[in-house]
Amino acid sequence: MAVCIAVIAKENYPLYIRSVPTQNELKFHYTVHTSLDVVEEKISAVGKAMADQRELYLGLLYPTEDYKVYGYVTNSKVKFVIVVDSSNASLRDNEIRSMFRKLHNSFTDVMCNPFYNPGDTIRSKAFDGMVSTMMVQTS
């Protein structure tokens, strides 16, 4: 499961970021921030190649020694980043896609809320609860 989940606005500022080991929160902020360069590269490469525009999943952005970073971009250029522990070898690509699909559906529900101002940080309890189910459970 995920150790960090982030939602990044079109203008590259965080709308939502949550990590499980809270003592490493700054490290995960840095990891998410550095992954944005790779996301931009992949988006521009897809734009030049004129590939299938419906493919929102960017796949593995980059692996580090401890973590693997995956990316997803919505049609409105909002970016989702999921950081997974590298030791979790049983996590397959289709499971990561499923996590992004759930995240995107929940994000769409937040956007449909008439009391949410687009561009504000996400404070939805339903969204937070859905993210909690996708995070690693540490005891």
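Residues numbered from 1 in each chain as written. Predicted model: local features only at pLDDT ≥ 70, side-chain atom pairs only at ≥ 80, totals over all residues. Heavy atoms only, no water.

1. A look at the pairing of strand β4 (residues 67-73)
Strand residues, when the strand is regular, have side chains that alternate between the two faces of the sheet. Most of β4 sits inside the fold, with 6 of its 7 residues counted as buried. In terms of strand pairing, strand β3 (residues 57-63) meets β4 through 5 bridges, oriented antiparallel. Bridging across to β4, L60 finds its partner in Y70. Hairpin connection of β4 to strand β5 (residues 79-85): 5 residues between the antiparallel strands, including K77 at a positive phi of 70°. (Buried < 20%, exposed > 50% of the residue type's maximum accessible area, 1.4 Å probe, protein only. Helix = DSSP H or I, 4+ residues; strand = E, 2+ residues; numbered from the N terminus. Pairing = 2+ DSSP bridges.)

2. Focus on the confidence of the model for the protein
Overall, the prediction assigns the protein a mean pLDDT of 88, with 91% of residues at 70 or greater. Per-element averaging of pLDDT across the protein places helix α1 (residues 25-49) at the bottom with 86 and β5 at the top with 95. (pLDDT = per-residue confidence, 0-100.)

3. Digging into the packing of aromatic side chains
Tallied over the entire structure, the rule returns 6 aromatic pairs. Seen from their ring centres, F28 and Y67 are 5.1 Å apart, and the 65° between their planes marks the pair as edge-to-face. Separated by 39 residues along the polypeptide, F28 in helix α1 and Y67 in strand β4 bring together distant segments of the chain. Considered together, F28 and Y67 belong to a single accessibility category, that of buried residues. Geometrically, the ring pair formed by Y57 and F100 is tilted, given 5.8 Å between the ring centres and 55° between the ring planes. Taken together, the residues Y57 in strand β3 and F100 in helix α2 (residues 93-112) connect sequence positions 43 residues apart. The class for Y57 is buried, based on a relative accessible area of 9%. (Phe/Tyr/Trp six-rings, centres within 6.5 Å; stacked < 30°, edge-to-face > 60°.)

4. Digging into the nonpolar core
Within soluble globular proteins, side chains that are nonpolar tend to cluster in buried spots. Among the nonpolar cores identified, the biggest contains 29 residues, and V7, I122 and F127 are the most heavily contacted of them. Secondary structure elements with two or more residues in this core: β1 (2-8), β2 (14-19), β4, β5, α2 and α3 (125-134). Element by element, the count of residues in this core is highest for α2, at 6 residues. With near-sequence residues (within four places) excluded, V7 lies in contact with Y13, P14, L15, Y16, V78, K79, F80, F107, I122 and F127. The next biggest cluster of nonpolar side chains, apart from the first, holds 17 residues, and it includes L61, Y62, V73 and V83. (Core = buried A, V, L, I, M, F, W, Y, C linked by side-chain atoms within 4.5 Å. Contact = heavy atoms within 4.5 Å.)

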